[in-house]
Amino acid sequence: MIQINNITKTYQQGSSQTQVLRGISCEIPDGEFAFIVGPSGSGKSTLLYLMGALDAPTTGTILLDGQSVSAMSPAAADALRRKQLGFVFQSFNLIRNLSALDNVLVPFLPDGRQPEMQKQARELLSSIGLGDRLHHRPSQLSGGEQQRVAIARAILKQPRFVFADEPTGELDSTTGQKVFDLLRQLHQEQGTTIITVTHDERYIKATDRIIRIEDGKVLEG
């Protein structure tokens, strides 16, 4: 479970401060498919990055299974991200000079686990329709194909949590639906907790958890 307790986030810009989150409290039980929604500039992505230990709150606490993520050392936070968390970004974040297969394997390089993961990576890419794209670089792939590579990279390690920031923001509606179908398949088959920031509520189902924020505060969730 993710528990968020009265967190704030303030950015310092020269002599001025910008408060993005203003006392956010909510929780996401294990196995949920959750959406963070709200107007542009409401703090959605900031909240997601704090949950994923990519940034630290100014005040308040974030607990993952009772452990304070916000109090972790940089080394501990890095280990958490590599072992238990998967990330999918709107901009894909693929390495331009690597093939689709090598991009999926990048997170395993620090552990020296690349050889044993290659077969699984090939099978995963094939299962999402990229079996004939294994050796293509990002510039040779469509936007939807690049996003599927990014999702494969995030889920190959079978993370407990996947954090997706506007994963369909640069895709057409048909391709966007395919991306969410893939995320929901992961959720159903592995029980992975999925937390997604989106501005497009067409992908939300009645059974999903919704955290609605505005002006840095929770309105729902």
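Coordinates for the structure precede this section.
Residues numbered from 1 in each chain as written. Predicted model: local features only at pLDDT ≥ 70, side-chain atom pairs only at ≥ 80, totals over all residues. Heavy atoms only, no water.

Student: If you had to explain the overall build of the chain to someone new, which residues and values would you point to?
Tutor: The helix and strand inventory of the chain stands at 6 helices and 10 strands. Against the compact-globule benchmark of 17 Å for 221 residues, the chain has a radius of gyration of 17 Å, which places it among compact chains. Projected onto the principal axes, the alpha-carbon positions of the chain cover approximately 50 × 40 × 35 Å. When the 221 residues of the chain are sorted by exposure, 48% land in the buried category. (Helix = DSSP H or I, 4+ residues; strand = E, 2+ residues; numbered from the N terminus. Rg over C-alpha atoms; globule rule 2.2 N^0.38 Å. Buried < 20%, exposed > 50% of the residue type's maximum accessible area, 1.4 Å probe, protein only.)

Student: Give me the lowdown on helix α2 (residues 74-84), citing residues and values where you can.
Tutor: Among the residues of α2, Ala77, Leu80 and Arg81 are the ones counted as buried. Buried residues of α2, viewed axially, fall in a sector of 95°; they line one side. In this structure, α2 carries Ala75 and Lys83 as exposed residues pointing more than 90 degrees from its buried face. Buried-residue contacts for α2 involve β4 (59-64) and β6 (85-89). (Arc of directions from axis to C-beta. Contact = heavy atoms within 4.5 Å.)

Student: Kindly report on the packing of aromatic side chains, identifying the contributing residues and their values.
Tutor: One pass over the structure, following the stated rule, counts 8 aromatic pairs. Ring centres of Tyr49 and Phe89 lie 6.3 Å apart, and the angle between their planes is 55°; on these two criteria the pair is classed as tilted. With Tyr49 in helix α1 (residues 44-51) and Phe89 in strand β6, this residue pair connects regions lying 40 residues apart in the sequence. Ring geometry for Phe180 versus Tyr203: centroids 4.5 Å apart, planes at 15°, classification stacked. Here the residue Phe180 occupies a position in helix α6 (residues 173-190), and Tyr203 occupies one in the loop between β8 (193-197) and β9 (209-214), the gap between them amounting to 23 residues. Given a relative accessible area of 1%, Phe180 falls into the buried group. In textbook terms, an aromatic cluster arises when at least three aromatic residues are bridged by ring pairs, as seen for Tyr49, Phe87, Phe89, Phe161 and Phe163. Positioned above the aromatic ring of Phe33, the side-chain terminus of Arg184 is 4.1 Å from the ring centre. (Phe/Tyr/Trp six-rings, centres within 6.5 Å; stacked < 30°, edge-to-face > 60°. Lys NZ or Arg CZ within 6 Å of the ring centre and 35° of its normal.)

Student: Describe the pairing of β8, and please don't skip the residues or the numbers.
Tutor: Where a strand is regular, its side chains alternate between the two sheet faces. Burial within β8 is extensive, with 5 of its 5 residues counted as buried. The side-chain alternation of β8 yields two buried faces, one formed by Thr193, Ile195 and Val197 and the other by Ile194 and Thr196. In this structure, strand β3 (residues 33-37) lies alongside β8, joined through 4 bridges in parallel fashion. Residue pairing in the sheet places Phe33 in a bridge with Ile194 of β8. Sheet topology note: the strand β7 (residues 161-165)/β8 ladder contains 5 bridges and is parallel. Paired with Phe163 across the strands is Ile195, a residue of β8. Taken together, β7, α6 and β8 form a β-α-β motif whose crossover is right-handed. (Pairing = 2+ DSSP bridges. Right-handed = clockwise from strand over helix to strand, strands pointing away.)

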